[in-house]
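Architecture and fold: a report
Read off the chains here:
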Amino acid sequence: MRYRFPLQLAICAALIFGFAGAAWAQGNASSDLSAAQRLDVMRSKLEAMRRSLNSAISSMGAAPSEKEKKNPDDPRERLRGLDKEAGSILSEVNDVRSKQERSDKYDHTILDRLETSVAEIKTRVDAGLQSTASARTASVASSGSSNKKKKKGGHLFGLFGGGGDDKFEELTGTVAPGRDRVLFEEAAKEVRKGNHETGRLLFATIVNTYPDSPFLPLSKLAIADSFYLEGTSASLVQAAQAYLDWLTFFPTDPLADDAMLKVAESEMRQMGLSDRDITHARKAEQRLKALLQQYPQTNLRAIVEDRLRETQESLAMHNLGVARFYYEARYNKGRGTGLKGAQSRLKEIIDKYPNFSLRDEVLFRLATTYQLEEEPDEAAKYYQDLLRNFPNSDYGEKAKEQLSIIGAPIPEPDPARKNIMPAEKSGFMGNLMQQVSGRADVTVNGNGVLISKDKKEGSNDLIDEAVKYNGQLPANLTPTAPVQRSTRPPSTTPRPQPAIQNPSPTNAAPAATPPPGIKP
């Protein structure tokens, strides 16, 4: 007995620190977004909350008359109160967004306050929907056969027109055993049809109404996939945020490295050309490096390294463009003191981006800056590096001339790099098309983690296997859980195989052996 209180205290402290860490991670992720993006994410979350609340309220029968005294403990009144609060916050968000569009001045600290309010109301809405689930079930049971009739008004959350059946309203407005599986199937179908908003709301119903459902973790991940598959600029912002939110709750899930890769690819799909804003390229580089650092044994290492090279190519090209500008402004136009600026950009490329395709040009320009500053030893070092590692470069003869002027020896080319040709330059049409599109030429996978972009049902996506096996992924389809970096010494005991998450109910059919190679 005397150890019970300290143990409880320790558990409470661990929970508090855990929630604080999750909140910090979410806030840190939000700080990477622009003000407009933060407002769009908040607006999307609030609108989704209000749709869920309105659907839950409508499923609980007619509202009490004005003459009747409203009971504050009535589930309908509780949900109406939450809807009113969410509407008030949404009004503030829209007001700030309008000011920003008009370029009016406003206090930017209001964004932090609004994000805190959205996170707080989201927690209360989820709790309210879960606590009123039984009341909605009782309301449907008492209504009898009236639920089977067709309605003339709008359908699910106002997304459907009048007429037609009301299967989605019944699915989202009632709680029944096995309903989560039906919701999961219908949500996947809607996303594949391109009805991303409808699919998200059906997945969100599982999260809000069935907290013990084995489909809950994959529903959260599928919501992120729906944003990623939608592919608009606003959707990609929310996709990255949704994947990060999922990683906050499931950092050791076998699909965690896939989700983190999607965060990076969401940024890569928004990357502009190297002579424009490189914010998204920097974010993508940070995410890819974090993936390799947190999950050093991931099976995605080869893919991540390829993505990282492409991202760093864009960042290095941006620095080279700035260096060229500084150099030209200083020496060809006779203004400014851009030599040091060009030198710092070129050195950054040498230090950070060893695989840059135009590294020979960078070495030559960097050597030139040192030669102009009358530092021949430093200049000779970079000229020699150029001749040693890029013997076929267009700058080779010029480098030899400058080494002769300096009086430094001309090195022999590295045999391992003797046959390496300089990088091919894009043709006129290729450059023109890139300038028109404004998008960087990078390789990304358009598929989500669970759902592929071809939107075909039964295409051996992981979401099909999750439906087939009652919310779990079979052992031969579940990737090995990515090992996070740890400071502890490696254990000498063999590591057990990762358990399948969210085991199916005991009455579920035994899992058949699915074909290998299903992971997207």
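Right above here is the structure, for reference.
Cut-offs used in this document
Residues numbered from 1 in each chain as written. Predicted model: local features only at pLDDT ≥ 70, side-chain atom pairs only at ≥ 80, totals over all residues. Heavy atoms only, no water. Helix = DSSP H or I, 4+ residues; strand = E, 2+ residues; numbered from the N terminus. Buried < 20%, exposed > 50% of the residue type's maximum accessible area, 1.4 Å probe, protein only. Contact = heavy atoms within 4.5 Å. Areas by Shrake-Rupley, 256 points an atom, 1.4 Å probe, with all protein chains shown as cover. Expected span 1.5 Å × (residues − 1). Axes fitted to C-alpha atoms, helices over the stretch in contact; angles between N-to-C directions. Parallel < 35°, antiparallel > 145°, perpendicular 65-115°, else oblique. Left-handed = near helix turned anticlockwise from the far one by under 90°. Nonpolar A, V, L, I, M, F, W, Y, C, P; charged D, E, K, R; others polar. Salt bridge = Lys/Arg side-chain N within 4 Å of Asp/Glu carboxyl O. Core = buried A, V, L, I, M, F, W, Y, C linked by side-chain atoms within 4.5 Å. Polar contact = N/O pair within 3.5 Å; in protein donor to acceptor, adjacent residues only side chain to side chain. Phe/Tyr/Trp six-rings, centres within 6.5 Å; stacked < 30°, edge-to-face > 60°. Lys NZ or Arg CZ within 6 Å of the ring centre and 35° of its normal.

Let us look at the overall build of the protein. Tallying secondary structure elements over the protein gives 19 helices and 0 strands in all. Among the 520 residues that make up the protein, the fraction classed as buried is 43%. A sequence separation of at least 24 residues applies to 66% of the contacts in the protein between residues at least 6 apart. A total accessible area of about 28000 Å² is found for the protein, and carbon and sulfur atoms account for 53% of it.

On to helix H4 (residues 109-131). Taking 1.5 Å as the rise per residue, H4 with 23 residues should run 33 Å; its terminal C-alpha atoms sit 34 Å apart, in good agreement. Along H4, the residues that are buried comprise Leu 111, Leu 114, Glu 115, Val 118, Ile 121, Val 125, Asp 126, Gly 128 and Leu 129.

Residues apart from glycine generally show negative phi values, whereas peptide bonds are mostly found in trans. Of note, the phi angle at Ser 103 is positive, near 60°, even though the residue is not glycine. Relative to the assigned elements, Ser 103 resides in the loop between helix H3 (75-101) and H4. On the accessibility criterion, Ser 103 (64% relative accessible area) is exposed. One non-glycine residue, Asn 470, adopts positive backbone phi at about 55°. If you trace the backbone, Asn 470 turns up in the segment after helix H19 (462-468).

Viewed as axis vectors pointing N to C, H3 and H4 meet at an angle of 160°, and their least axial separation amounts to 10 Å. One element, H3, and the other, H4, form an angle in the roughly antiparallel class. Crossing of H3 over H4 shows left-handed handedness. When grouped by side-chain class, the residues that make up the contact of H3 with H4 number 13 nonpolar, 3 polar and 5 charged.

Pairs can form between side chains of opposite charge once their charged atoms are near each other. Summed over the entire model, instances satisfying the criterion amount to 30 salt bridges. A salt bridge links Asp 95 to Lys 99; the nearest nitrogen and oxygen atoms lie 3.8 Å apart. In this pair, Asp 95 and Lys 99 are both assigned in helix H3, 4 residues apart and thus about one turn of the helix distant. Close ionic contact of Glu 361 with Arg 324 constitutes a salt bridge, the shortest N to O distance being 2.9 Å. Taken together, the residues Glu 361 in helix H15 (residues 359-372) and Arg 324 in helix H13 (residues 301-331) connect sequence positions 37 residues apart. Assessed through its relative accessible area of 6%, Glu 361 is described here as buried. Exposure remark for Arg 324: the relative accessible area of 30% places this residue in the partly exposed category. Members of the salt-bridge network, linked through shared partners, are Asp 40, Arg 43, Arg 97 and Glu 101.

This part covers the nonpolar core. Judged by nonpolar contacts, the single largest core of 89 residues is most densely connected at Phe 184, Tyr 243, Leu 255 and Leu 450. Leave out the neighbours within four places in its chain, and Phe 184 touches Phe 203, Ile 206, Phe 215, Leu 218, Ser 219, Ile 463, Ala 466 and Val 467.

With respect to the secondary-structure elements, His 280 resides in helix H12 (residues 279-294). Of note is the side chain of His 280, whose polar atom sits 2.8 Å from the side chain of Glu 267. Discounting chain neighbours no more than four positions away, the residues touching His 280 are Gln 37, Glu 267, Gln 270 and Met 271.

To continue, consider the packing of aromatic side chains. According to the stated counting rule, one finds 9 aromatic pairs in the structure shown. With 6.5 Å between their ring centres and 50° between their planes, Phe 249 and Phe 250 make a pair best called tilted. A relative accessible area of 54% places Phe 249 in the exposed class. For Phe 250, a relative accessible area of 17% gives the class buried. Here a set of aromatic residues connected by ring pairs shows up, and it is made of Phe 184, Phe 203 and Phe 215. Between the NZ or CZ atom of Arg 200 and the centre of the ring of Phe 227, over which it lies, the distance is 3.9 Å.

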